[in-house]
Amino acid sequence: MRCPFCGCSDSKVLETRLADDGYSVRRRRECTECQNRFTTYEKTDDLPLLVVKKDGRREQFKQYKILDGMIKACEKRAVPLDELEKTVAEIEKKLKNDSLKREVSTTEIGELVMEHLKGLDEVAYVRFASVYREFKDINTFIKEIERLLKGKEEL
Ligand SMILES: [Zn+2]
């Protein structure tokens, strides 16, 4: 685990204890290089991540379902498949790290996918957003495009 302050890969553990959720171990570390202190959490990867659908039903998180949606959005676009696979893996990792409750909503997932697609391919992003946000009419669609262009100007 690299030190978040200086990037050094060596740290010593000052304290180890079970986190409040009971599912992870919390370690207080000190960087051997810059002496800054930081905390890491370690947890088992075996617990399933549950996806809560809009109607309240729950199902196990499946990478291929997200990948499938992204592939559709990227049809005929120059986005390599391994780039999409990497993105899905990143999204899963993020969801697992963030949700101690082990449940995520389809909304959360959709937002994350959009966030990533935006950086990969704008057309794919708009396509995905149009399905995901269920654009009702052309005006909502145009608004989304405008938002996208506006965001670009601000960069
Ligand atoms: Zn350091």
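To start, this report covers the structure provided alongside it. (Residues numbered from 1 in each chain as written. Predicted model: local features only at pLDDT ≥ 70, side-chain atom pairs only at ≥ 80, totals over all residues. Heavy atoms only, no water.)

## Considerations on the environment of Arg17
For the record, the criterion: Only DSSP runs of H or I with at least four residues qualify as helices, and only runs of E with at least two residues qualify as strands; both kinds are numbered from the N terminus onward. Buried means the residue's accessible area, taken with a 1.4 Å probe over protein chains only, is under 20% of the maximum for its type, while exposed means over 50%, and partly exposed covers the values in between. Residues count as neighbours in contact if any of their non-hydrogen atoms are within 4.5 Å of one another.
Note on placement: Arg17 falls in strand β1 (residues 11–18). For Arg17, a relative accessible area of 46% corresponds to the partly exposed category. The spacing of Arg17 and Asp68 is 51 residues in sequence and 40 Å in space, taken between C-alpha atoms. When near neighbours in sequence (up to four residues on either side) are disregarded, Arg17 contacts Ser24, Val25 and Arg26.

## Description of the nonpolar core
Basically, it comes down to this: Note on terminology: a nonpolar core comprises buried Ala, Val, Leu, Ile, Met, Phe, Trp, Tyr and Cys residues joined through side-chain atoms within 4.5 Å.
In this structure, Ile66, Leu95, Ile109, Val113 and Leu117 are the most contacted members of the largest nonpolar core, which totals 26 residues. Broken down by secondary-structure element, the contributors of at least two residues to this core are α1 (63–73), α2 (81–98), α3 (106–120) and α4 (122–132). With 6 residues, α4 is the single largest residue contributor to this core.

## Details of the sheet that holds strand β2 (residues 24–31)
The following threshold applies: We treat two strands as partners when DSSP finds at least two bridges between them. Axis definition: a line fitted to C-alpha atoms, over the contacting stretch in the case of helices. Angles run 0 to 180 degrees between N-to-C directions.
What the 3 strands build is an open sheet, ordered β1-β2-β3; its pairing is antiparallel. Both outer strands of the open sheet, β1 and β3 (37–43), are each paired with one neighbouring strand and no more. Pairs of neighbouring strands in the sheet enclose a mean axial angle of 25°, with direction left out of account. Bridge analysis of β2 against β3 gives 7 bridges, and the strand direction is antiparallel. Paired with Arg26 across the bridge in β3 is Tyr41.

## Notes on the coordination of the zinc ion
Convention followed: As a rule, N, O and S atoms within 2.8 Å of a metal are its donors, except that Na, K and Ca use 3.2 Å; water is not among the atoms, so sites may look incomplete. Under this scheme a four-donor centre is tetrahedral when all angles range from 85 to 135 degrees, a four-donor centre is square planar and a six-donor centre octahedral when opposite donors are above 155 degrees with the rest from 65 to 115, and any other centre is irregular.
Protein coordination at the zinc ion comes from Cys3 (SG), Cys6 (SG), Cys31 (SG) and Cys34 (SG), with a distance range of 2.2 to 2.4 Å. Taken together, the 4 donor atoms coordinating the zinc ion and their angles of 107 to 113° define a geometry best described as tetrahedral.

## Overview of the side chain of Ser11
Condition: N or O atoms closer than or at 3.5 Å make up a polar contact, with two conditions inside protein: a donor-capable atom paired with an acceptor-capable one, and, for residues adjacent in sequence, both atoms drawn from side chains.
Mapping Ser11 onto the fold places it in strand β1. A distance of 3.5 Å separates polar atoms of two side chains, one belonging to Ser11 and the other to Arg29. Among residues more than four places away in sequence, those in contact with Ser11 are Met1, Arg29, Glu30, Cys31, Thr32 and Phe38.

## Remarks on the layout of surface pockets
The line we're drawing: The definitions used throughout rest on a 1 Å grid laid over the protein atoms alone, on which a cavity is an enclosed set of points accommodating a 1.4 Å probe that cannot get out and a pocket is an open set flanked by protein within 12 Å on both sides along at least five of seven lines; lining residues are those having an atom within 4 Å of a point. Grid points are joined across faces, edges and corners, and a volume is the space filled by probe spheres set on the points. Classification convention: Asp, Glu, Lys, Arg as charged; Ala, Val, Leu, Ile, Met, Phe, Trp, Tyr, Cys, Pro as nonpolar; all other residues, Gly among them, as polar.
In this model, the largest pocket occupies a volume close to 630 Å³. Broken down by secondary-structure element, the contributors of at least two residues to the lining of the largest pocket are β5 (58–60), α1, α3 and α4. Here the element with the most residues in the lining of the largest pocket is α1; it accounts for 7 residues. Counted by class, the lining of the largest pocket contains 10 nonpolar, 4 polar and 9 charged residues.

## Regarding the packing of α1 against α4
For the record, the criterion: Here roughly perpendicular refers to angles of 65 to 115 degrees, roughly parallel to angles under 35, roughly antiparallel to angles over 145, and oblique to all remaining angles. Here a crossing is called left-handed whenever its near helix is offset anticlockwise from the far helix by less than a right angle, and right-handed whenever the offset is clockwise.
It is at 8 Å that the axes of α1 and α4 come closest, and there the two elements cross at 120°. For the element pair α1 / α4, the angle class is oblique. Read as a crossing pair, α1 and α4 show a hand that is right-handed. For the pair formed by α1 and α4, the contact residues are Gly69, Lys72 and Ala73 on the first element and Ala124, Arg127 and Phe128 on the second. Each residue belonging to the contact of α1 with α4 can be placed in one class, and the counts come to 3 nonpolar, 1 polar and 2 charged.

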